[in-house]
Amino acid sequence: MEQKITGSEALMLALKGEGVKTIFGYPGGSIMPVYDALYDYTRGEKKAFDHILVRHEQGATHAAEGFARVSGEVGVAIVTSGPGATNTLTGVADAMIDSTPIVVIAGQVPITALGTDAFQEVDLVGVAQPISKWSYQIRHAEDIAWAVSRAFFIARSGRPGPVVLDFTKNAQTELVAFKAEKVDFVRSYVPYPKLKMNHVQEAADLINQAERPLALVGQGVELGNAQDELIAFLEKADIPAGRTMLGLCALPSDHPLNVGMLGMHGNYAVNLKEQECDVLIAIGMRFSDRVTGSLKTYAKQAKVIHLDIDKSEMNKNVKVTVPVVGDCKESLPALTALIHKADHSAWRASFKPLDEKERTRVIEPAIHPTEGPLLMGEVVNAVAEQTKGDAVLVTDVGQNQLFATRYFKYPKRRSLCTSGGLGTMGYGMPAAIGATFGAPGRTVCCFMGDGGFQMCIEELGTIMEQQAPVKMILMNNNYLGNVRQWQDMFWNRRKSFTRMMNPCYELIAKGYGIPYEAVTDRKDLAAAVAKMLATAGPYILECAIREDDDVLPMTPPGKSVEEMQLETLPPAPPYKGGE
């Protein structure tokens, strides 16, 4: 007679078959059968997984995101129904907009109770559908093998993203003769579109004729593991390249063709040169509003080539001259084969006066100040210098994120975890936990502001229990700093509810048994950073930051990128949104 197992154990075998080794989760009533099965698969002869008990379900999804970002694998979170499931939705939305492959498995009431407003019942599939690549309800144990394999295939293939599985309690307890399935095809889902060589030729012709080409490099290069192909393309055509925030690791910081970070708080030269180039080559990026500024004026002089795996990105924000739809791992070599060896040294040299202007007026004062309170830029620079490019940078959201991404260095791949598109405060600490499991041999440095730190403060419990070696750099300016900066610049300095009353972080660290040090004087900064990095396990380094430290340069919201300013100007009229 064929041996049967419970649906919960079938889930364990299906996850094992997908190569899962780390799970982030939080138990509850509707997922209890799964957790009972998980007990055997986290110890003894059956051990297949490490389960990390988070302190909040949102933390589980962010930890899964951090794990996925640095490892290149699919992150996994398991939670219960109702509020357990809805708590994950911020992480699901974050993963969707940033193309991060995670699978969230949530408990659900039995099918006999669906639609009855049963305890902790919620229509998770309906709620998750707009913010996930696929959401599906597993109603019977016989569907588990297929659903799990399909979920992982969809999450990791093509443009990656989150998948949500709603797992009814009856399916968890039903008996089934488990047989592994391998889904590698879904009708109407084309994760890797066929490359159109006529479009590649059109793109090559434009590049061969260009006098002032500029490449814009996004995270799609890293997601497609096409960093080598990118470098070969850029070097053959001698094309300077700017990187989006999420694309910072796609091209090493010290590569001679790297001309800086794009966007509202990116580097001065590359943003202004977008308005001078004659051919703009966008590679694996989505022309976010934070990159383009006002679309009415953005790069109107340029022919635009867009390489992306997702057809829906073509002409979505910026009118494209030549769309090249396909995996950049394939499209970049095809393009490289058709372009001519070029020399654009004069064009590249034109960036240098603008770079020097930013260096003297913004960068040097930010990272090497001589007086006054500590600045965020110098704290980031101090950590970057001592980690020598080997660390993984994790940030929360706000000024800490903008300073950290600007002044950290990225010689290695998969070295950045940050919430780009959704801008999720509270992302940093749980994502850093996930990163320590996804890249266990690397130092993980997590920069947070006092606002974001308190949004995810409960995950200090996870760090304590796991002794996750997260180096937490708390940049405390007693404000919701980014909002405060906008209030100062655009709202007549009316600081409406942005000043923070903060707790004693030293006592909090002591309560969790985490080593702590505070820095208030820059003469102590280097030694404090060295001590933090030399200490095994987790660490909190609190830095007292000047309260009115502003992130510069900045393109004011709704303005053209050539209006990027290098200094804080007198308050502007209140920003009303739009253009």
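Just so we're clear, the structure is a prediction, and the values are computed from it rather than from any experiment. (Residues numbered from 1 in each chain as written. Predicted model: local features only at pLDDT ≥ 70, side-chain atom pairs only at ≥ 80, totals over all residues. Heavy atoms only, no water.)

1. A short note on the overall build of the protein chain
Logical step 1: From N to C terminus, the protein chain includes 24 helices and 20 strands.
Logical step 2: What you see for the protein chain is a C-alpha radius of gyration of 24 Å, in line with the 25 Å of a compact globule of 579 residues.
Logical step 3: Its C-alpha atoms put the protein chain at 75 × 65 × 45 Å along the principal axes.
Logical step 4: Counting only contacts in the protein chain whose residues sit at least 6 apart along the sequence, the fraction spanning at least 24 positions is 76%.
Logical step 5: Here the protein chain displays about 23,100 Å² of accessible surface, and carbon together with sulfur accounts for 53% of that area.
Logical step 6: Across the protein chain, 58 positive and 67 negative side-chain charges occur, with their mean positions spaced 3 Å apart. (Helix = DSSP H or I, 4+ residues; strand = E, 2+ residues; numbered from the N terminus. Rg over C-alpha atoms; globule rule 2.2 N^0.38 Å. Contact = heavy atoms within 4.5 Å. Areas by Shrake-Rupley, 256 points an atom, 1.4 Å probe, with all protein chains shown as cover. Lys, Arg positive; Asp, Glu negative; His and termini not counted. Charge placed at Lys NZ, Arg CZ, Asp CG, Glu CD.)

2. Notes on the packing of aromatic side chains
Logical step 1: In total, this model carries 14 aromatic pairs according to the counting rule given.
Logical step 2: Ring geometry for Phe-403 versus Tyr-407: centroids 6.4 Å apart, planes at 25°, classification stacked. Residue Phe-403 and its partner Tyr-407 are both found in helix 18 (residues 399-407); the two are separated by 4 residues, about one turn of the helix. The pair formed by Phe-403 and Tyr-407 is uniform in burial state, with each residue classed as buried.
Logical step 3: Their ring planes at 50° and their centres at 6.3 Å tell us that Phe-408 and Tyr-410 sit as a pair that is tilted. The residues Phe-408 and Tyr-410 share a single accessibility class, namely buried.
Logical step 4: Each member of the aromatic cluster is reached from another via a ring pair, and the members are Phe-24, Phe-67 and Phe-437.
Logical step 5: Sitting over the face of the ring of Tyr-39, Arg-43 holds its NZ or CZ atom 3.8 Å from the ring centroid.
Logical step 6: For Arg-150, the ring lying beneath its charged end belongs to Trp-134, and the centroid distance is 4.4 Å. (Phe/Tyr/Trp six-rings, centres within 6.5 Å; stacked < 30°, edge-to-face > 60°. Buried < 20%, exposed > 50% of the residue type's maximum accessible area, 1.4 Å probe, protein only. Lys NZ or Arg CZ within 6 Å of the ring centre and 35° of its normal.)

3. So, helix 2 (residues 32-40)
Logical step 1: Those residues of helix 2 that fall on the buried side of the exposure criterion are Pro-33, Val-34, Tyr-35, Ala-37 and Leu-38.
Logical step 2: As for helix 2, its buried residues are in contact with helix 1 (7-17), strand 2 (22-25), strand 3 (50-53), strand 4 (75-79), strand 7 (162-168) and helix 8 (169-173).

4. Describing the pattern of salt bridges
Logical step 1: Taken as a whole and assessed by the stated rule, the structure comprises 27 salt bridges.
Logical step 2: Note that Asp-228 is salt-bridged to Arg-413, the shortest N-O span being 2.4 Å. With Asp-228 in helix 11 (residues 227-237) and Arg-413 in the loop between helix 18 and strand 16 (416-417), this pair connects stretches of sequence that are 185 residues apart.
Logical step 3: Residue Arg-290 pairs with Asp-289 through a salt bridge whose shortest N-O separation is 3.5 Å.
Logical step 4: Residue Arg-290 is classed as partly exposed on the basis of its relative accessible area of 43%.
Logical step 5: Residues joined in a network through salt bridges with shared partners are Arg-159, Asp-310, Glu-313 and Lys-316. (Salt bridge = Lys/Arg side-chain N within 4 Å of Asp/Glu carboxyl O.)

5. Digging into the nonpolar core
Logical step 1: In terms of nonpolar packing, the biggest core is built from 70 residues, with Leu-280, Phe-287, Tyr-298, Phe-408, Phe-447 and Ile-473 touching the most fellow members.
Logical step 2: At 6 residues, the largest contribution of residues to this core is made by helix 17 (residues 376-387).
Logical step 3: Shared between two domains, this core takes at least three residues from each, and those domains are domain 2 (197-350) and domain 3 (362-563).
Logical step 4: Contacts of Tyr-298, omitting those with residues within four sequence positions, involve Leu-216, Glu-274, Gln-275, Leu-280, Phe-287, Val-291, Thr-292, Val-318 and Val-561. (Core = buried A, V, L, I, M, F, W, Y, C linked by side-chain atoms within 4.5 Å. Domains from an automatic or database assignment.)

6. Considerations on the domain arrangement of the protein chain
Logical step 1: Parsing the protein chain into structural domains produces domain 1 (5-176), domain 2 (197-350) and domain 3 (362-563).
Logical step 2: In this structure, domain 1 and domain 3 have C-alpha centres spaced 31 Å apart.
Logical step 3: Domain 1 puts 25 residues into the contact, and the matching count from domain 3 is 26 residues.
Logical step 4: Of the roughly 1,900 Å² buried at the junction of domain 1 and domain 3 (both faces included), carbon and sulfur atoms supply 61%.
Logical step 5: Its largest share of buried area at the contact with domain 3, domain 1 owes to Arg-55, Arg-69 and Val-70, together 34% of the area lost on that side.
Logical step 6: Summed over the shared surface of domain 1 and domain 3, the number is 1 salt bridge.
Logical step 7: In this structure, the salt-bridge partner of Arg-55 is Glu-465, at a minimum N-O distance of 2.7 Å.
Logical step 8: The interface formed by domain 1 and domain 3 contains 12 residue pairs in polar contact (both at pLDDT 80 or more). (Buried area = accessible area lost by both parts, 1.4 Å probe. Polar contact = N/O pair within 3.5 Å; in protein donor to acceptor, adjacent residues only side chain to side chain.)

7. Side note on the pairing of strand 2
Logical step 1: Judged by which residues are buried, strand 2 turns out to be covered on both faces: Thr-22 and Phe-24 on one side and Ile-23 and Gly-25 on the other are all buried.
Logical step 2: By the bridge criterion, 2 bridges tie strand 2 to strand 4 in an arrangement that is parallel. Within strand 4, the position partnered with Gly-25 by the bridge is Ile-78. (Pairing = 2+ DSSP bridges.)

8. Considerations on the packing of helix 1 against helix 7 (residues 144-156)
Logical step 1: In the contact formed by helix 1 and helix 7, the axes pass within 9 Å of each other and the chain directions differ by 35°. Helix-helix and strand crossings are classified by hand; for helix 1 and helix 7 the assignment is right-handed. Of the residues in helix 7, those touching helix 1 at Gly-7, Ala-10, Leu-11, Ala-14 and Leu-15 are Ile-144, Val-148 and Phe-152.
Logical step 2: Across the contact of helix 1 with helix 7, the residue classes break down as 7 nonpolar, 1 polar and no charged. (Axes fitted to C-alpha atoms, helices over the stretch in contact; angles between N-to-C directions. Left-handed = near helix turned anticlockwise from the far one by under 90°. Nonpolar A, V, L, I, M, F, W, Y, C, P; charged D, E, K, R; others polar.)

9. Considerations on the pairing of strand 17 (residues 444-449)
Logical step 1: Most of strand 17 sits inside the fold, with 6 of its 6 residues counted as buried.
Logical step 2: Here strand 17 shows two buried faces, one formed by Val-444, Cys-446 and Met-448 and the other by Cys-445, Phe-447 and Gly-449.
Logical step 3: Where strand 15 (residues 392-395) and strand 17 come together, 4 bridges link them in parallel fashion. What sits directly across from Leu-393, in strand 17, is Cys-445.

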